[in-house]
Amino acid sequence: MKPLYRQVQPSVTMGLDQQARELAAAGRDVINLTAGQVDLPMPEAGKRAIEKALIEDRTGYVPATGSPKVKAAVRKRMGWDEGEVLISAGAKPLLNAAVACLCGPGDEVILPAPCYTSYPETVRLAGGKPILVLGEASRDFVVSGQALERCITGRAKAVLLNNPVNPTGAVYGPKALQQIIDVCLKHDLYLIVDEVYSAFVYEGAFVSAYAFPAVRDRLILVNSASKAYAMAGLRLGYAAAPASVAKAMGAYLSHALGCPCSTSEQAAMAAFTMDDSYGEQLKSIFRDRRDRLCRALSAIDGLIIKKNAGAFYLWLDVSSWDDDVSFCRKLLDREGVALTPGSAFCCPGYIRLAYTKDIYALLEAAARMKRFVERNYSNASGVSR
Ligand code: PMP
Ligand code: GLU
């Protein structure tokens, strides 16, 4: 087997974000809609909590899986009454710990696709084999229980689901979730659900996988403060897991991460104890952006626009014009708009637009995209000029 340094690919989303930032730093007029991170300020209460933690010299290590008071605040906020809670430096290490603890060399982890760019590498880092199950475009790529079941072999150990989904913005509702859970129960699989976008569901209430008691003893639920409280750089995530799995994840994290960041714990705890007004405001800003952006993009002849139900991504089919990587490269070169090709999410032919800039930048990006399509693609033939 090749050493890991010859196998692991860097994060495409983070790489593109870096590239767009470098172009902007070099003086190019770039609208960077690559990385999905909230561009608004974190809650004031969180800032005050960091100041206080520093004044009180809370800069030492905290317990490997988080401080008891922070765990208690997570439990209360999320309504988690069963299972162990773990805190770590964002959702990513918790996902890595979960996969590494559940899957041995050659074991399979099933990934409904398109999927978050880090998932296949997370599985490979653990020595496992990612098995992609591509959803159907006509169902917003939401994978059915039947499609999932067709991909299960004796080596499968877990399903790793993201809900709401990065990159499509689709939401697995209760029925779709139930199908996934039924398959996991039938085949004795663990279910890892990454709910980092749970605060961004635009119509109706979000239903967490935690609401299904039958799967609780094999459910690892991961979430974080990165998106919900605009704290991506502070690195604070949390998970609920059955005791035996939590114990192994805790041991893994004690070696890999040491412990969560002490001041970020305090910031997140302040955020967990706030009322819902911050979250409501964030959601309404993002809903408004989505609606206005979709209206502007619908002026592009030949582009089919479907509003995303969750997260803050638009998922657009460009396959009649170009391949996704080349579309994104040309759009950046010619119009200075940076988007992410669907290939980064195991789904060529599509592009992902993160509406994580203010509405003026988004409308300007839509205008440039319109001009780009008109200038570069003849609509009927899909031929690049
Ligand atoms: N899961 C998904 C689906 C994501 O899009 C991201 C991107 N931030 C993460 C996990 C990582 O979250 P965190 O910043 O909490 O590590
Ligand atoms: N999750 C964000 C994205 O998909 C941030 C980058 C990353 O963590 O990969 O763009």
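Conventions we followed
Residues numbered from 1 in each chain as written. Chains lettered and ligands numbered in written order. Predicted model: local features only at pLDDT ≥ 70, side-chain atom pairs only at ≥ 80, totals over all residues. Heavy atoms only, no water. Pairing = 2+ DSSP bridges. Helix = DSSP H or I, 4+ residues; strand = E, 2+ residues; numbered from the N terminus. Axes fitted to C-alpha atoms, helices over the stretch in contact; angles between N-to-C directions. Contact = heavy atoms within 4.5 Å. 1 Å grid on protein atoms, 1.4 Å probe; cavity = no way out; pocket = protein on both sides within 12 Å on 5 of 7 lines; lining within 4 Å. Points joined across faces, edges and corners; volume = space filled by probe spheres on them. Near = heavy atom within 4 Å. Polar contact = N/O pair within 3.5 Å; in protein donor to acceptor, adjacent residues only side chain to side chain. Areas by Shrake-Rupley, 256 points an atom, 1.4 Å probe, with all protein chains shown as cover. Sits in = over half its atoms within 2 Å of the grid points. Nonpolar A, V, L, I, M, F, W, Y, C, P; charged D, E, K, R; others polar. pLDDT = per-residue confidence, 0-100. Buried < 20%, exposed > 50% of the residue type's maximum accessible area, 1.4 Å probe, protein only. Right-handed = clockwise from strand over helix to strand, strands pointing away.

Trainee: Hey, could you go over the sheet that holds strand β2 (residues 84–88) for me, with residue numbers and the actual values?
Mentor: Strand order in the open sheet formed by seven strands is β2-β8-β7-β6-β5-β3-β4, and the pairing between neighbours is mixed. Edge strands, defined here as strands with exactly one partner in the open sheet, are β2 and β4 (129–134). For this sheet, the mean angle separating the axes of adjacent strands, direction not counted, is 20°. Direction of pairing for β2 relative to strand β8 (residues 237–241): antiparallel, over a ladder of five bridges. Each bridged residue has a counterpart across the sheet, and for V85 the counterpart in β8 is A240. This element, helix α7 (residues 174–186), spans β5 (156–162) and β6 (190–194) of the sheet and lies at about 150° to β6.

Trainee: Run through empty space enclosed by the protein, naming residues and quoting values.
Mentor: Counted according to the given criterion, the structure contains one cavity of 30 Å³ or more. Empty space within the largest cavity amounts to approximately 80 Å³. Together, 13 residues line the largest cavity, and P112, P114, N162, V165 and Y172 are the ones closest to its centre. Mapped by element, the contributors of at least two residues to the lining of the largest cavity are β3 (108–113) and β5.

Trainee: I'd love a proper account of the site of ligand 2, names of residues and values included.
Mentor: Every one of the 13 residues lining ligand 2 counts as a neighbour, but T13, G36, Y116, N166 and R352 are closest to it. Between ligand 2 and N166, the relevant distance is 2.9 Å, taken from an oxygen atom to a side-chain nitrogen or oxygen of the residue. Out of a free accessible area of 280 Å², ligand 2 has 89% covered by protein chains. Structurally, ligand 2 is housed in the second largest pocket.

Trainee: An account of the layout of surface pockets is needed here, citing residue identities and associated values.
Mentor: Each pocket or cavity is described by its volume, and for the largest pocket that value is around 660 Å³. As for the largest pocket, its lining consists of 26 residues, and the residues nearest its centre are R77, S198, A199, Y229 and D276. Secondary-structure elements contributing two or more residues to the lining of the largest pocket are α3 (68–78), β7 (219–224) and α11 (277–297). Ranked by the residues each element gives to the lining of the largest pocket, the list is headed by α11, at four residues. When grouped by side-chain class, the residues that make up the lining of the largest pocket number 14 nonpolar, six polar and six charged. In this structure, the second largest pocket spans a volume of roughly 560 Å³. In terms of lining, the second largest pocket is formed by 24 residues, of which the most central are M14, G36, K92, Y116 and K227. If you list the elements that add at least two residues to the lining of the second largest pocket, you get α1 (12–25), α4 (91–102) and α8 (225–228). Top element by residues in the lining of the second largest pocket is α1. It accounts for five residues. Here the lining of the second largest pocket is composed, by residue class, of nine nonpolar, eight polar and seven charged.

Trainee: Describe in detail the confidence of the model for the chain, supporting the description with residues and values.
Mentor: Looking at the chain, the pLDDT average stands at 95 and 98% of residues meet or exceed 70. Note on residues 380–385: pLDDT is under 50 here. Beyond four places in sequence and across chains, it has 14 contacts.

Trainee: Give a detailed account of the sheet that holds strand β12 (residues 350–354), specifying residues and quantitative values.
Mentor: The strand order across the open sheet formed by three strands is β9-β12-β11, and the pairing between neighbours is antiparallel. With partners counted over all chains shown, the strands left at the sheet margins are β9 (313–317) and β11 (340–341), one partner each. Across two bridges, the pairing between β11 and β12 is antiparallel. Bridge pairing links T340 to R352 in β12.

Trainee: Can you explain the pairing of β3? Please cite residues and give values.
Mentor: For β3, the tally of buried residues reaches six of six residues, placing the bulk of the element in the interior. Burial of the side chains of β3 extends over both faces: E108, I110 and P112 are buried on one face and V109, L111 and A113 on the other. As judged from the six bridges shared by β3 and β4, these two strands associate in the parallel manner. Residue pairing in the sheet places V109 in a bridge with P130 of β4. On the question of chirality, the crossover connecting β3 to the parallel β4 by way of helix α5 (residues 119–125) is right-handed. Alignment of β3 against β5, held across three bridges, turns out to be parallel. Looking across to β5, one finds that I110 is bridged to V159.

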